[in-house]
Amino acid sequence: MPPVFAHGRLRLYLLKLLDEAPRHGYEVIRLLEERFQGLYAPSAGTVYPRLAKLEAEGLVTYATEGGRKVYSITEAGRAELADRGGELADLELEIRDSVTELAAEIRSEVRGAAGDLRREMRAAASASATRTAEEESWQTAKEELRKARQEWKEQARRAKDESRRAREEAQQARRQAKEAQERAREEVQRIAGQLQEQFARSGGVLGSLAGAWLGGGTPTTASASASAAAAPAGPAGPADVADAAAPAAADWAADLAPTGDPARDLDRLLDRFRDEVRDAARDRGVSAAQVAEARRHLGAASRRLGTTFGAGS
């Protein structure tokens, strides 16, 4: 097996092929052979055991059609594929490089065969009994040499095209990953600002605690905010709440540096949200009415985030 499929990478590439469409085992083998331009084809003893292992782990499932098992990827399989998106882009590039290397080896073999052919031609020509026989042998050798050169040029062209496509696909994958990460961060910050505004309007202990959390404050800051809310003051309009929420949303979780993996960055933001709200509620206490109000706000935030991620896909 080529080194490009070491350490579980064939497993990752099988998930990619099944994510494109449901396939049976022979079709998977044929597609792998096509991706390698016919220079490499895995055996059934390599592919089928790995498909069975993926099925046992719940990453793929299968249905029997016409006496064959047709495998399909599951949601768990798609989740693993999404988590390893950067590794998959690198794998695609390495496959293209492997095709290029194999093509270079074939070109070297073709050159050697052409050299051997020329030597055989000369030997056959010198040993020929008549000039006619020599000319026929020479023409045959020239034709074989022409075919060998043509094949070498075609393989070189295919290798060059594959290498160019691999570079373009890798660059596009990196751009998309960076854009997805930025969109996720901006959306979480926007939702955080909206939640602060909604909690501030609802008032009460939970409102002050949520305001302190969304603003990046500490329990001391939350207490000061609660005291300020209790002091006599004029009614705050929507513009006042929005002005207070905007800087808080922009600064919230700014200490979490991007990791390069948008899915992981989103998990870290959600963990920060959960931990800080839970700590605030534990320190200050929360009533059943405040829990119901929190459920309403969090449901609205969840729907907004779901819509955002759906639009960005």
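Residues numbered from 1 in each chain as written. Predicted model: local features only at pLDDT ≥ 70, side-chain atom pairs only at ≥ 80, totals over all residues. Heavy atoms only, no water.

Caption draft 1: Structural detail: a negative patch on the surface. A contiguous patch of negative charge, built from D97, E101, E105 and E109, is present on the exposed surface. In this structure, E101 sits in helix 5 (residues 85–127). (Patch = residues over 30% accessible without salt bridge, like charges linked within 9 Å, V, L, I, M, F, W, Y side chains within 5 Å. Areas by Shrake-Rupley, 256 points an atom, 1.4 Å probe, with all protein chains shown as cover. Salt bridge = Lys/Arg side-chain N within 4 Å of Asp/Glu carboxyl O. Lys, Arg positive; Asp, Glu negative; His and termini not counted. Charge placed at Lys NZ, Arg CZ, Asp CG, Glu CD. Helix = DSSP H or I, 4+ residues; strand = E, 2+ residues; numbered from the N terminus.)

Caption draft 2: Expanded view of the sheet that holds strand 1 (residues 23–24). Pairing is antiparallel in the open sheet, where three strands are placed in the order 1-3-2. The open sheet is flanked by strand 1 and strand 2 (60–65), the only strands paired with a single partner. In terms of strand pairing, strand 1 meets strand 3 (residues 68–73) through two bridges, oriented antiparallel. What sits directly across from H24, in strand 3, is V70. The strands touched by helix 1 (residues 9–20) within the sheet are strand 1, strand 2 and strand 3, with strand 3 carrying the most contacts at an inclination of about 95 degrees. (Pairing = 2+ DSSP bridges. Contact = heavy atoms within 4.5 Å. Axes fitted to C-alpha atoms, helices over the stretch in contact; angles between N-to-C directions.)

Caption draft 3: Inspection of helix 10 (residues 262–284) at higher detail. An ideal rise of 1.5 Å per residue puts 33 Å on 23 residues; helix 10 measures up with 33 Å between its terminal C-alpha atoms. Of the positions making up helix 10, those classed as buried are P262, D265, L266, L269, F273, A280 and A281. The first or second residue beyond helix 10 is G285, which carries a positive phi of 85 degrees. (Expected span 1.5 Å × (residues − 1). Buried < 20%, exposed > 50% of the residue type's maximum accessible area, 1.4 Å probe, protein only.)

Caption draft 4: Quick peek at the packing of helix 2 (residues 25–35) against helix 3 (residues 44–56). Between helix 2 and helix 3, the least distance of the axes is 10 Å, while the angle of their chain directions is 125 degrees. By the angle class used here, helix 2 and helix 3 are oblique. In the packing of helix 2 onto helix 3, the handedness of the crossing is right-handed. Across from G25, Y26, V28, I29 and L32 in helix 2, the residues of helix 3 making contact are A44, V47, Y48 and L51. Tallied by class, residues from the contact of helix 2 with helix 3 come to eight nonpolar, one polar and no charged. (Parallel < 35°, antiparallel > 145°, perpendicular 65-115°, else oblique. Left-handed = near helix turned anticlockwise from the far one by under 90°. Nonpolar A, V, L, I, M, F, W, Y, C, P; charged D, E, K, R; others polar.)

Caption draft 5: View of the environment of L15. Inspection of the secondary structure assignment puts L15 in helix 1. Along the primary structure L15 and L81 are separated by 66 residues, whereas in three dimensions their C-alpha atoms are 6.9 Å apart. Beyond its immediate sequence surroundings of up to four residues, L15 is in contact with L54, L59, V60, I73, G77, E80 and L81.

Caption draft 6: Layout of empty space enclosed by the protein. On inspection of all chains with the given rule, the structure shows three cavities of 30 Å³ or more. Quantified by volume, the largest cavity comes out at close to 100 Å³. If you trace the largest cavity, you find it lined by Q181, A184, R185, L256, A257, P258, D265, L266, R268 and L269. Only helix 6 (131–202) and helix 10 provide two or more residues apiece to the lining of the largest cavity. Counting residues per element, the lining of the largest cavity draws most heavily on helix 10, at four residues. Of the residues belonging to the lining of the largest cavity, the class tally is six nonpolar, one polar and three charged. (1 Å grid on protein atoms, 1.4 Å probe; cavity = no way out; pocket = protein on both sides within 12 Å on 5 of 7 lines; lining within 4 Å. Points joined across faces, edges and corners; volume = space filled by probe spheres on them.)

Caption draft 7: Focus on helix 3. With 13 residues, helix 3 extends 18 Å between its outermost C-alpha atoms, agreeing within 8% with the 18 Å of an ideal straight helix rising 1.5 Å per residue. Within helix 3 the residues assigned to the buried category are T46, V47, L51 and L54. An end-on view of helix 3 places all buried positions within 115 degrees of arc, on one side of the element. The exposed residues of helix 3 that point more than 90 degrees off its buried face are G45 and A56. Backbone geometry just downstream of helix 3 places G58 in the positive-phi region, at approximately 80 degrees. (Arc of directions from axis to C-beta.)

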